[in-house]
Each structure stands twice: as structure tokens, then as C-alpha cells.
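This is what each chain is made of:
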Amino acid sequence: MSDITVRRLGEDEWEQYKTARLSALEESPEAFAASLEEERAYDEEFWRTRLRRSPRLLAEADGQTVGIVSVGQSQEDNDRVAEIFGLWVAPAARGTGVATRLVHAGADEARSAGRSHLAYWVGSDNGRAVAFASGCGFRPTDSRRPMRVQQAGEDQEDEVAMVLPLGADRGTPSL
């Protein structure tokens, strides 16, 4: 795979964002709370609004989309904390550093917005996700919540907030 580039999508690139998001929902439906059918039906204004509301970062290699992540305000209403969500990497690009590049770009985005920490919620029983986040410098917190995506027939799982300090404040904020 050639060089991976990550860039922030502008509102006028809503179709590219929609295509990437729908690809993620089609390829990994179990990883997202939304459904492919639901999001496929949304109109242009919906996609533009999403791009205005939160930065969406797109990873590309050889002119092809290979991953995406979103960066938003922490849902815990802590102005110091941004949150990454919707992280997805195309299967052919997994294991090539795309996810790490997206997380680093998300941290840069949060830092430039004046945030001191970046949160990433991962399934507490998902060892690969916890290991990946830890490898990027995130540390687990005591904050837990029920998983937003539950697999049919499985026991209720929870997510753990993992936090990455973005500057001199190495403490863990309340989530």
C-alpha cells in the first residue's frame, strides 16, 4: 500500500463521506448502532449537517478511501474532552497503520480545537480494541456505559472510556 493520507472532509464533500460511511455500515454492520438501510435513505442535507456538526476524517491510499473516523464533543459535556467515534478501516487496509493514522489525525484535530484530552469508547471485552487504543497512548478510565451496539442473543456488554492526554495535562478528566 502506498502512502496513506488523512484529511478533513469539507461540507461539499458530503457524497464522499456518505459513500465511505455506507461502505463501513455494509462491511461491518455489527460495529455501528445505525443500519445501512436507515442511512442509505438520508438526503443531502442530513449528510451536510453531519459534516458541519463534527469533523470527519478520511484516510486515502492510491486515490481510494481506506478509512474514516469522526471527532466530536464528548457526550459527557466536558468542554476539555473530544471524542473519536465511527472508526472504520477497509478490510484490505487493516493492519497497515490506517487506524493509527486516523487516531493521530483525530488527536491533532481535537488539540487544534483546544481540547486537552481525547476519549475513545471501546468494548470492555474487546481485547483487540483495548490493545489498539493502548498502543496509541490511550489509558482506561473508570467510566463505563452499556454498549450502544448489542449482538442478538448476547449478554449485555459495556464499553470503557479510554483517554489520551493531548498536552501538558496528563490527568484523567471526568467522563
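Up top is the structure.
Everything quoted here is computed from the prediction, not taken from an experiment.

**Quick notes on the sheet that holds strand S1 (residues 5–8)**
Sheet strands line up and pair through hydrogen bonds in the backbone, either parallel or antiparallel.
For step 1, the next point in the chain: Ordered in space as S1-S2-S3-S4-S5-S7-S6, the seven strands form an open sheet in which the pairing is mixed. One side of each edge strand has no neighbouring strand; the edge strands of this open sheet are S1 and strand S6 (139–146). Direction aside, neighbouring strands of the sheet carry axes that sit 30 degrees apart on average.

**Focus on the side chain of Arg56**
For step 1, the next point in the chain: Position of Arg56 relative to the elements: it lies in strand S2 (residues 56–61).
For step 2, the next point in the chain: Within polar-contact distance, the side chain of Arg56 engages the side chain of Tyr17 at 3.2 Å.
For step 3, the next point in the chain: Setting aside anything within four residues of it in sequence, one finds Arg56 in contact with Arg7, Arg8, Leu9, Tyr17, Arg50, Leu51, Val69, Ser70 and Phe85.

**Quick look at the pattern of salt bridges**
For step 1, the next point in the chain: Applying the stated criterion across every chain, the model contains 14 salt bridges.
For step 2, the next point in the chain: Ionic pairing is found between Glu109 and Arg8, a salt bridge with its closest N-O pair at 2.5 Å. Here the residue Glu109 occupies a position in helix H4 (residues 98–112), and Arg8 occupies one in strand S1, the gap between them amounting to 101 residues.

**A few points about the packing of aromatic side chains**
For step 1, the next point in the chain: Under the criterion given, the structure shown has five aromatic pairs.
For step 2, the next point in the chain: Between Tyr42 and Trp47, the aromatic rings sit 6.4 Å apart at their centres with planes inclined by 65 degrees, giving edge-to-face as the arrangement.

**Quick look at the pairing of strand S5 (residues 117–123)**
Within a regular strand, side chains alternate between the sheet's two faces.
For step 1, the next point in the chain: Within S5, seven of the seven residues are buried, which leaves it mostly tucked inside the rest of the structure.
For step 2, the next point in the chain: Residues of S5 alternate between two faces, with His117, Ala119, Trp121 and Gly123 on one and Leu118, Tyr120 and Val122 on the opposite face, all of them buried.
For step 3, the next point in the chain: Pairing geometry for strand S4 (residues 81–89) and S5, over four bridges, is parallel. Within S5, the residue paired with Glu83 across the bridge is Ala119.
For step 4, the next point in the chain: Regarding topology, H4 serves as the crossover connection from S4 to the parallel S5, and that connection is right-handed.

**A short note on unusual backbone geometry**
For step 1, the next point in the chain: One non-glycine residue, Asp62, lies in positive phi territory at about 55 degrees.
For step 2, the next point in the chain: Summarising the element assignment, Asp62 is placed in the loop between S2 and strand S3 (64–73).

**Looking at H4**
Residues that lie three or four places apart on an α-helix share one face, since the helix turns once every 3.6 residues.
For step 1, the next point in the chain: Over its 15 residues, H4 runs 21 Å from end to end, which matches the ideal 21 Å to within 8%, given 1.5 Å per residue.
For step 2, the next point in the chain: Inspection of H4 places Val98, Ala99, Leu102, Val103, Ala105, Gly106, Ala107, Glu109 and Ala110 among the buried residues, and these make up the whole buried set.

**Topic: the nonpolar core**
For step 1, the next point in the chain: Membership of the largest hydrophobic core comes to 29 residues, with the highest contact counts inside it found for Ile84, Val98, Leu102, Leu118 and Phe138.
For step 2, the next point in the chain: For this core, the secondary structure elements donating two or more residues are S2, S3, S4, H4, S5, helix H5 (127–135) and strand S7 (158–165).
For step 3, the next point in the chain: With seven residues, H4 is the single largest residue contributor to this core.
For step 4, the next point in the chain: Apart from the residues lying within four places of it in its own chain, the contact partners of Ile84 are Val69, Ser70, Val71, Val103, Gly106, Leu118, Ala119, Tyr120 and Phe138.
For step 5, the next point in the chain: Of all hydrophobic cores here, the second largest spans 15 residues; its members include Leu25, Leu36, Leu58 and Ile68.

**Focus: the side chain of Glu109**
For step 1, the next point in the chain: By relative accessible area, Glu109 is classed as buried at 17%.
For step 2, the next point in the chain: At 2.5 Å, the side chain of Glu109 forms a polar contact with the side chain of Arg8.

**Comments concerning the packing of helix H1 (residues 14–27) against helix H3 (residues 44–53)**
For step 1, the next point in the chain: Their axes nearest at 9 Å, the elements H1 and H3 cross at an angle of 90 degrees. In terms of orientation, H1 lies roughly perpendicular with respect to H3. Contacts from Trp14, Tyr17, Lys18, Arg21 and Leu22 in H1 reach Glu44, Trp47, Arg48, Arg50 and Leu51 in H3.
For step 2, the next point in the chain: Across the contact of H1 with H3, the residue classes break down as five nonpolar, no polar and five charged.

Reading the values: rules and limits
Residues numbered from 1 in each chain as written. Predicted model: local features only at pLDDT ≥ 70, side-chain atom pairs only at ≥ 80, totals over all residues. Heavy atoms only, no water. Pairing = 2+ DSSP bridges. Helix = DSSP H or I, 4+ residues; strand = E, 2+ residues; numbered from the N terminus. Axes fitted to C-alpha atoms, helices over the stretch in contact; angles between N-to-C directions. Polar contact = N/O pair within 3.5 Å; in protein donor to acceptor, adjacent residues only side chain to side chain. Contact = heavy atoms within 4.5 Å. Salt bridge = Lys/Arg side-chain N within 4 Å of Asp/Glu carboxyl O. Phe/Tyr/Trp six-rings, centres within 6.5 Å; stacked < 30°, edge-to-face > 60°. Buried < 20%, exposed > 50% of the residue type's maximum accessible area, 1.4 Å probe, protein only. Right-handed = clockwise from strand over helix to strand, strands pointing away. Expected span 1.5 Å × (residues − 1). Core = buried A, V, L, I, M, F, W, Y, C linked by side-chain atoms within 4.5 Å. Parallel < 35°, antiparallel > 145°, perpendicular 65-115°, else oblique. Nonpolar A, V, L, I, M, F, W, Y, C, P; charged D, E, K, R; others polar.

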